[in-house]
Amino acid sequence: MKIETLAVHAGHGIDPATGAVAAPIYLSTTFERDADGSYSRGHMYSRNSNPNRQILETGIAALEGAETAAAFGSGMAAATAIFQSLNKSDHVLVHVDVYYGVIRVLHDVFAKWGLQVDLVDMTDLGAVKKAIQPNTKLIWTETPSNPLLRVVDLKAIAEIARTAGAITVCDNTWSPVIQRPLDAGIDIVHHSTTKYFGGHCDVLGGVLVAKENNEFFQRVRMVQYSAGAVPSPFDCWLVSRGMQTLPWRMRAHCQNALKVAQFLSGHDAIDRVHYPGLPNHSGHAIAQKQMSLFGGMMSIEVRGGQPAAMKVAANTKIFVRATSLGGVESLVEHRASIEGPATRSPESLLRLSIGLENADDLIEDLDQALKSP
Ligand SMILES: *Cc1c(COP(=O)(O)O)cnc(C)c1O
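Residues numbered from 1 in each chain as written. Predicted model: local features only at pLDDT ≥ 70, side-chain atom pairs only at ≥ 80, totals over all residues. Heavy atoms only, no water.

Q: Hey, could you run me through the packing of helix α3 (residues 75–84) against helix α7 (residues 215–227) in this one?
A: A packed helix pair is summarised by two numbers, namely the angle formed by the two axes and the spacing between the axes. Closest axis-to-axis distance for the α3/α7 pair is 9 Å, and the angle between their directions is 125°. Considering their axes alone, α3 and α7 lie oblique with respect to each other. As α3 packs across α7, the resulting crossing turns out to be right-handed. Between α3 and α7, the residues in contact are A81, I82 and Q84 and F216, V220 and V223, respectively. (Axes fitted to C-alpha atoms, helices over the stretch in contact; angles between N-to-C directions. Helix = DSSP H or I, 4+ residues; strand = E, 2+ residues; numbered from the N terminus. Parallel < 35°, antiparallel > 145°, perpendicular 65-115°, else oblique. Left-handed = near helix turned anticlockwise from the far one by under 90°. Contact = heavy atoms within 4.5 Å.)

Q: What am I meant to see in the pattern of salt bridges here?
A: Pairs can form between side chains of opposite charge whenever their charged atoms are close. Scanning the model with the defined rule gives 16 salt bridges in all. Residues E32 and R41 are paired through a salt bridge, measuring 3.0 Å at the closest nitrogen-oxygen approach. Accessibility expressed as a relative area gives 58% for E32, which makes it exposed. Residue R41 is classed as exposed on the basis of its relative accessible area, which comes to 54%. Taken together, the shared-partner salt bridges connect E333, R335, E339 and R351 into one network. (Salt bridge = Lys/Arg side-chain N within 4 Å of Asp/Glu carboxyl O. Buried < 20%, exposed > 50% of the residue type's maximum accessible area, 1.4 Å probe, protein only.)

Q: Can you walk me through the site of the ligand in this structure?
A: Among the 14 residues in the neighbourhood of the ligand, the closest are listed as M76, D171, S192, T194 and K195. In the model, an oxygen atom of the ligand is placed 2.8 Å from a nitrogen or oxygen of the M76 main chain. Within the side chain of K195, a nitrogen or oxygen atom sits 2.6 Å from an oxygen atom of the ligand. Summarising the interface, the protein chains cover 91% of the accessible area of the ligand, which totals 380 Å² for the free molecule. Of all elements in the fold, only α3 and β6 (188–192) reach the threshold of two or more residues within the shell around the ligand. When the residues that make up the shell around the ligand are grouped by side-chain class, the tally is three nonpolar, eight polar and three charged. (Near = heavy atom within 4 Å. Polar contact = N/O pair within 3.5 Å; in protein donor to acceptor, adjacent residues only side chain to side chain. Areas by Shrake-Rupley, 256 points an atom, 1.4 Å probe, with all protein chains shown as cover. Nonpolar A, V, L, I, M, F, W, Y, C, P; charged D, E, K, R; others polar.)

See the structure below:
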């Protein structure tokens, strides 16, 4: 089945007890044992598993072409479960331009527990090979990256990791509709479902999706149910509902984003537009190879540095000044402000999450904000 059909049906089914077409929300924390002591209906206690979580995990695994998935209470809880599944003294190699929270948790929490962490620019494959250590257990990447929209060659990274005997994880928060890292040989996909999966800025969540339910992923699953950073049934329900419209929403996000990027790339008030769908983007060729759409996210460098960027953000009327991404409403954010002193974002950079408004209205809004005195 194709992705639109999977999104609507995978994991979902008619409720056998009532015939309900939309899944009921199963708030029960505990489930009845059979007379012989078994749990033939599959659930025992909601930290371990819950019907709504099962619907979500089955659906996302199907969309990524995966064997199994584990859902968490946030994207960072999912990332943390990966790091908690490693051993003391393991070496983790991380792409320099990944979501800043991942680097922060590695430095502030896991370095203290003995994980060794190095950052490397994964657009430079030679540098990745050089950074591999005998104890490199995990390679964490994200493409297009955040907020500079750099494109990492997933096939090449998977190949390097295979030679080194390391597990690869790709943060694919920008959705399986635009690329499927497991098809490129990546082992595990990470999602903040807070973003496009949820799609409406009203639920936090995270998911890990594995090509194979192997020994490492069973350890991840054990962290999920024993450490307990699990999503509530209602959170699972909201993300599952978001998932059903994800392919069609993504297409509209991407179509709008391309139009906006094309407009901005010719604008006098802008130095650079970072969007992998533009032919002059440094990662365009790889993006064409491994992505089926170029995504709903972009960043721009405003001429005149930080004050000019702040002024643009202050003057938009449709774009909302807020962090996060992937919702129906377009958002604008001065990324250096939220990332703090360790940021790698240029001070002139604004990140745009392109929503589902009409692209012409978005273009008009940005144009008036860029021109306002
Ligand atoms: C938001 C985000 C995260 C973190 O997820 P939370 O749900 O906020 O914990 C990780 N990676 C990317 C790419 C994100 O956008």
